[in-house]
Amino acid sequence: MEVIYEDNHLIAVNKTCHEIVQGDKTGDMPLSEGLKAFLKGKYAKPGNVCIGVIHRLDRPVTGTVVFAKTSKALRRMNEIFRQGEVKKIYWAIVRNPPPQREGELVHWLVRNEQQNKSYAGDVEKPNAQKAILHYRLIAASEHYYLLEIMLMTGRHHQIRCQLAKIGCPVRGDLKYGADRSNPDGGISLHARSLSFVHPVTRQPVSLTAPAPEERLWKALADGVPAEDLPVSPDGRLLPDKP
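All values reported here derive from a predicted model rather than from experimental measurement.

J.: How do you make sense of the packing of aromatic side chains when you look at a structure like this?
T.: The relative placement of two aromatic rings is captured by the distance of their centres and the angle of their planes. Taken as a whole and assessed by the stated rule, the structure comprises 0 aromatic pairs. Against the face of tyrosine 144 rests arginine 95, its NZ or CZ located 5.3 Å from the ring centre. One residue, lysine 117, lies across the ring of tyrosine 176, its end atom 5.5 Å from the ring centre.

J.: It is not clear to me how the pairing of strand β8 (residues 129-140) should be interpreted in this structure. Could you clarify?
T.: Residues in a regular strand project their side chains so that they alternate between the two faces of the sheet. Across 8 bridges, strand β6 (residues 102-112) lies against β8 in antiparallel orientation. Within β8, the residue paired with histidine 107 across the bridge is alanine 131. Examined bridge by bridge, β8 and strand β9 (residues 145-151) share 7 bridges and lie antiparallel to one another. The residue bridging histidine 134 from the neighbouring strand is methionine 150, located in β9. Counted between consecutive antiparallel strands, the loop separating β8 from β9 contains 4 residues.

J.: What exactly am I supposed to notice about unusual backbone geometry here?
T.: Peptide bonds are, in most cases, trans, and in most cases residues other than glycine have a negative phi. Positive phi is not limited to glycine here, since asparagine 116 has a value of about 50 degrees. Mapping asparagine 116 onto the fold places it in the loop between β6 and β7 (117-121). You can call asparagine 116 partly exposed: its relative accessible area is 36%. Phi is positive for asparagine 127, close to 70 degrees, though the residue is something other than glycine. Turning to its location among the elements, asparagine 127 is positioned in the loop between β7 and β8. For asparagine 127, a relative accessible area of 73% gives the class exposed.

Definitions and limits used
All residue numbers here refer to positions counted from 1 along the written sequence of the relevant chain. It should be noted that, the model being predicted, local features are given only for residues of pLDDT at least 70 and side-chain atom pairs only at 80 or more, the latter also being counted only at that level, while totals for whole chains, interfaces and linings use all residues. Hydrogens and waters are ignored; side-chain quantities use all the structure's heavy atoms. Planes of paired rings set the category: under 30 degrees apart is stacked, over 60 is edge-to-face and the rest tilted, where pairs are Phe, Tyr or Trp rings (Trp by its six-membered ring) whose centres lie within 6.5 Å. Cation placement over rings: the criterion is NZ of Lys or CZ of Arg within 6 Å of the ring centroid and within 35° of the ring normal. Think of it this way: DSSP has to see at least two bridges between two strands before they count as a pair. Each helix corresponds to a stretch of at least 4 residues labelled H or I by DSSP, and each strand to a stretch of at least 2 residues labelled E; elements are numbered beginning at the N terminus. Relative accessible area decides the class of each residue, using a 1.4 Å probe on protein chains only: under 20% of the type maximum gives buried, over 50% gives exposed, and in between gives partly exposed.

Have a look at this one:
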């Protein structure tokens, strides 16, 4: 368990693609329970340990997850998330180039509960929720592109669904159109950072999770900077990289 932040009120970890945030039908031990055991051992606590689930990441997604260590912090963090007062940054590896180096995606998402999948449309329809994100191309390697994404809304599978809609499914995401799975069974979507005002101290907090220890993430970090990628006269990315 990689702890990236801890104080008296909050604890944040860098989730792997094999972990679940909260218990589900699989019966696997969730991070919430693992953290209780971790804190109980670390501080030799004799009684129960409080860990409150504030938000979730899909199981195959890696990155920053923050939990509350007190009921007061949980209540206040729930309100901070509900009010949209959290800056959420994700990194995604995609095989196809996005239309432009930077842009905003606006779609209407309909969730299919039976399939555990969302579908994106360009116009509003019954039971659809508006989904907005901003993306920015960071770098490229020989075959892949690295996007930085800022979520403006929090919808079911939003990033995965919206990127697939523009022809850029996340690497390894078979559910949304990737051509093959990743060796570790996850997808190349990483919750890079969360920024918010601390619920108790009222000081700004910025939590950042290192990218997975995988060769492709390293290659993209050392790859071609976005500003060196070729573009057409109308600003669209060209598929050939230098």
